[in-house]
Amino acid sequence: MPMRATRTHYRVTPLLSQPGARHERDKCAMTDRTGGTAAPPPPVRLCAGTCGHGVFSAEVWQTGPMQPGPSASAIGSPRPAPMLARQRQEHILERVAATGGVRVADVVEELGISEMTVRRDITELVTQGLVERVHGGAVAAGPTTLEPRFTAKSTLNLEAKHRIGQAAAAMVRPGDSLALSAGTTTLALAQALTELEHFPTLTVITNSLPAAQVLFDAADTARSENRDAPTVVVTGGERTPSNALVGPVAVDALRTMRVEWVFLGAHGFTPEAGLMTPNLLEASANQALVAAGRTVVATLDSTKWGVLGLRSFCPTRDIGVLVTDAEPDTDTISSLQQTGTRLTVAA
């Protein structure tokens, strides 16, 4: 009957040591023989305490039909060495440099390591001033004036932003007027609005070029099919790296408008400072949006918790509803309750 040899490694422990034991080097030599019908070799004697290798190798013979397994050439191949801490941290830094941030869950999946290991690596990078910790991951460390480009943010946390957009759109009633600020989360909201049955009855004002394009395209499609279409108004103004229209033209356009809902994205949020942005002109435009709305809705994925921007444009007390993808810490929840802000966690 065919037999297969597999290799088993034994690590020396003090319990195996015996006084006077001698180790013969050929006893810890490794062999690569597999298969065959010959009788199994005599068991390898495991002697302890004198082997400089520290690990013994022995053949273990298995009788019965051959089981699927590695080829003869593969047996004895070295297993991939675990990544060093420096290598893991370099991977995290590469992801942050490429996209502006990274989630713990993504690194766990990519490197096949534990969540605790990733968090320790992030802690070390935070200590070195190379990244900033946020809820669920890390973002690039830098001055509060650093504004990521729209393309850098557009690939981050897409599933979370989709859920937030769907939850925020569900608040809008037929015939409502609303305003959207710039940002990738409000872009997800614009896409969700186009899926509403009562989308044609809405009036939407925005200073976001990507959101305006999504809304215009949906409205054009409706008109081409002889269906009603919503009213879409773009403020005008100067374009920022986040594809927002800002400046005096945008502020003047918003100053005389009044809407039921204002949906705001943000660069960062803390209960003490509220919603923040690194762009001063965008802060002014967002303040004009806040003043135009009856109810302010903040749409933030959980990576924005604790992130600072140069200027606050909406204090927490002015936020009527905060829609996010994960429950914040207890201190933040307590602060929201004190200001009367309703917290909605998108399922």
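Residues numbered from 1 in each chain as written. Predicted model: local features only at pLDDT ≥ 70, side-chain atom pairs only at ≥ 80, totals over all residues. Heavy atoms only, no water.

> Could you clarify how one ought to interpret the pairing of strand β16 (residues 321-324) in this entry?
Here β16 shows no split at all, with Val321 and Val323 on one side and Leu322 and Thr324 on the other all buried. Of the pairings in the sheet, the one linking strand β14 (residues 293-299) to β16 comprises three bridges and is parallel in character. Paired with Ala298 across the bridge in β16 is Leu322. The pairing of β16 with strand β17 (residues 342-345) spans four bridges and is classified as parallel. Across the sheet, the residue bridging to Val321 is Arg342, located in β17. For the crossover that starts at β16, traverses helix α10 (residues 330-339) and ends in the parallel β17, the hand is right-handed. (Buried < 20%, exposed > 50% of the residue type's maximum accessible area, 1.4 Å probe, protein only. Helix = DSSP H or I, 4+ residues; strand = E, 2+ residues; numbered from the N terminus. Pairing = 2+ DSSP bridges. Right-handed = clockwise from strand over helix to strand, strands pointing away.)

> How should I be thinking about unusual backbone geometry in this particular structure?
Leave glycine aside and you will find that most residues have negative phi; peptide bonds, for their part, are mostly trans. Residue Asn226 is not a glycine yet carries a positive backbone phi of 60°. Along the polypeptide, Asn226 turns up in the loop between α7 (209-224) and β8 (231-234). Taking relative accessible area as the criterion, Asn226 reaches 75% and is therefore assigned exposed.

> Honestly, the packing of aromatic side chains in this entry has me stumped. Any pointers?
By convention here, two paired aromatic rings are described through the distance between centres and the angle between planes. Under the definition given, this model contains two aromatic pairs. When the ring of Trp261 is compared with that of Phe263, the centres are 6.1 Å apart and the planes differ by 25°; the resulting orientation is stacked. Its relative accessible area of 11% is what places Trp261 among the buried residues. The class for Phe263 is buried, based on a relative accessible area of 0%. Ring geometry for Phe269 and Trp305: centres 5.4 Å apart, planes at 75°, overall edge-to-face. Residue Phe269 is located in strand β12 (residues 268-270), and its partner Trp305 is located in the loop between β14 and β15 (311-314); the two are separated by 36 residues in the primary sequence. (Phe/Tyr/Trp six-rings, centres within 6.5 Å; stacked < 30°, edge-to-face > 60°.)

> Whenever I open this one, the sheet that holds strand β4 (residues 131-134) confuses me. Can you help?
Think of a sheet as strands paired side by side through backbone hydrogen bonds, with each pair either parallel or antiparallel. Spatially, three strands are ordered β3-β5-β4 in an open sheet, and the strand pairing comes out antiparallel. The outermost strands of the open sheet, each flanked by one partner alone, are β3 (101-103) and β4. Across this sheet, the average inter-strand angle for adjacent strands is 25°, counted without regard to direction. Where β4 and strand β5 (residues 137-140) come together, four bridges link them in antiparallel fashion. Within β5, the residue paired with Val134 across the bridge is Gly137. The sheet strands contacting helix α2 (residues 104-111) are β3 and β5, and the helix crosses β3 at an angle near 70°. (Axes fitted to C-alpha atoms, helices over the stretch in contact; angles between N-to-C directions. Contact = heavy atoms within 4.5 Å.)

> Would you take a moment to explain the environment of Glu225 for this structure?
Along the polypeptide, Glu225 turns up in the loop between α7 and β8. In terms of polar contacts, Glu225 uses its side chain to reach the side chain of Arg227, at 2.7 Å. (Polar contact = N/O pair within 3.5 Å; in protein donor to acceptor, adjacent residues only side chain to side chain.)

> Just checking my understanding: could you explain the pattern of salt bridges for this structure?
Charged atoms that come close allow side chains of opposite charge to pair. If you walk through the whole model with that rule in mind, you get 11 salt bridges. With its nearest N and O atoms 3.8 Å apart, the salt bridge here joins Glu260 to Arg173. Residue Glu260 is found in strand β11 (residues 259-264), and its partner Arg173 is found in the loop between α5 (158-169) and β6 (177-180); the two are separated by 87 residues along the sequence. The exposure class of Glu260 is partly exposed, given its relative accessible area of 22%. Using a relative accessible area of 44% as the deciding quantity, one classes Arg173 as partly exposed. Of the charged contacts, one joins Arg223 and Asp220 as a salt bridge, the two residues approaching to 3.3 Å between their closest N and O atoms. Separated by three residues within a single helix, Arg223 and Asp220 lie in helix α7, roughly one turn from each other. (Salt bridge = Lys/Arg side-chain N within 4 Å of Asp/Glu carboxyl O.)

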